[in-house]
Amino acid sequence: MAKLSQEDLLAQFEEMTLIELSEFVKAFEEKFDVTAAAAAPVVVAGGAAGGEAAQVEEKDEFDVILTGAGDKKIQVIKVVRELTSLGLKEAKDLVDGTPKPVLEKVNKEAADKAAEALKGAGASVEVK
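Residues numbered from 1 in each chain as written. Predicted model: local features only at pLDDT ≥ 70, side-chain atom pairs only at ≥ 80, totals over all residues. Heavy atoms only, no water.

## What to know about helix α5 (residues 108–120)
The criterion, for reference: Runs of H or I in DSSP of at least four residues are treated as helices and runs of E of at least two as strands, each being numbered from the N terminus. Under the convention used throughout, the expected extent of a helix is 1.5 Å for every residue step, that is, one less than its residue count. Working definition: with a 1.4 Å probe on protein chains only, accessible area under 20% of the residue-type maximum means buried, over 50% means exposed, and in between means partly exposed. Picture the helix axis, draw a direction to every C-beta atom, and the arc is the one those directions span. Note on definitions: a residue-residue contact is assigned when non-hydrogen atoms from the two residues lie within 4.5 Å.
For α5, spanning 13 residues, the distance from its first C-alpha to its last is 18 Å, which sits close to the expected 18 Å at 1.5 Å a residue. Three or more residues of α5 are buried, namely A111, A114, A115 and L118. Along the axis of α5, the buried residues cluster in a sector spanning 100°; they form a single face. Facing away from the buried side of α5, by more than 90 degrees, are the exposed residues E109, K113, E116 and G120. Looking at the buried residues of α5, the elements they touch are β1 (62–68), α3 (73–84), β2 (100–106) and β3 (124–127). In the stretch just after α5, G122 is the one whose phi turns positive, near 100°.

## Topic: the packing of α3 against α5
Filter applied, for reference: Lines are fitted to the C-alpha atoms to define the axes, a helix being fitted only along its stretch in contact, and any angle between axes, read from their N-to-C directions, falls within 0 to 180 degrees. Angular relationships are summarised with four words: roughly parallel below 35 degrees, roughly antiparallel beyond 145, roughly perpendicular across 65 to 115, and oblique for the angles in between. Rotating anticlockwise by less than a right angle from the far helix to the near helix defines a left-handed crossing, while the corresponding clockwise rotation defines a right-handed one. For this scheme, ten residues count as nonpolar: Ala, Val, Leu, Ile, Met, Phe, Trp, Tyr, Cys and Pro. Four count as charged, namely Asp, Glu, Lys and Arg, and the remainder, Gly too, count as polar.
At a closest axis distance of 9 Å, the pairing of α3 and α5 adopts a crossing angle of 160°. As judged from the angle between their axes, α3 and α5 are roughly antiparallel. Where α3 crosses over α5, the handedness of that crossing is right-handed. Counted together, V76, V79, V80 and L83 of α3 and A114, A117 and L118 of α5 form the full contact between these two elements. Tallied by class, the residues present in the contact of α3 with α5 amount to 7 nonpolar, no polar and no charged.

## Here's the deal with the confidence of the model for the protein chain
Heads up, the condition is: The quantity known as pLDDT measures the predictor's confidence residue by residue, on a range of 0 to 100.
With 81% of its residues at a pLDDT of 70 or more, the protein chain shows a mean pLDDT of 79. Overall, residues 47–56 carries pLDDT values under 50, and its contacts beyond four positions in sequence, including any with other chains, amount to 13 contacts.

## Here we look at the sheet that holds β1
Heads up, the condition is: Here, any two strands with at least 2 DSSP bridges between them count as paired.
Ordered by their spatial adjacency, 3 strands build an open sheet running β2-β1-β3, and the pairing between neighbours is antiparallel. In this open sheet, the two strands that pair with only one neighbour each are β2 and β3. Strand-to-strand twist in this sheet, taken as the mean axis angle between neighbours without regard to direction, amounts to 20°. Both β1 and β3 contribute to a ladder of 4 bridges, which runs antiparallel. Looking at the pairing, G68 lines up with S124 of β3.

## Here we look at the packing of aromatic side chains
Counted only if it meets this: Paired rings are identified among Phe, Tyr and Trp, the last through its six-membered ring, by centres lying within 6.5 Å, and are further divided according to the angle between planes into stacked (under 30 degrees), edge-to-face (over 60) and tilted (the rest). By definition here, charges over rings are those cases where NZ of Lys or CZ of Arg is within 6 Å of the ring centre and within 35 degrees of the ring normal.
A full pass over the atoms with the stated rule returns 3 aromatic pairs. Judged by centre distance (5.1 Å) and plane angle (50°), the rings of F13 and F24 are tilted. Remark: F24 occurs in helix α2 (residues 18–32) and F13 occurs in helix α1 (residues 6–14); sequence separation between them is 11 residues. Classification of F24 as partly exposed rests on a relative accessible area of 34%. Seen in terms of ring centroids, F28 and F32 are 4.8 Å apart; in terms of plane orientation they differ by 50°. Their pairing is tilted. You can see F28 and its partner F32 sitting in helix α2, 4 residues apart, about one turn around the helix. One cation-aromatic arrangement involves K108 over F62; the distance from NZ or CZ to the ring centre is 5.1 Å.

This is how it looks when you write it as structure tokens:
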């Protein structure tokens, strides 16, 4: 097999759909036993006991978990439908089956906004 240049590889990737590219990345990770994760920011803290370095990772994905519907269950169902675009039955099942995640892997701002909306409707919410 002829060795492809970096430009040739990039040209091939350019022609792929996002789904095809995602499948390629998964296959690459499995074949070479690596992960293609973005580098996390590193914070080095100096300690008085020998100056050990600590790596701190800032969390950028949050889950909004509905822990209880409260007294205004219908209002909570309406808010869940607005946040998730679920149908009435699916939203009702989610609210009835608490604790359940309403939103998963969203940014901090979206998680806080969703939590406030749910709390405003009378629900109890947890952001993880």
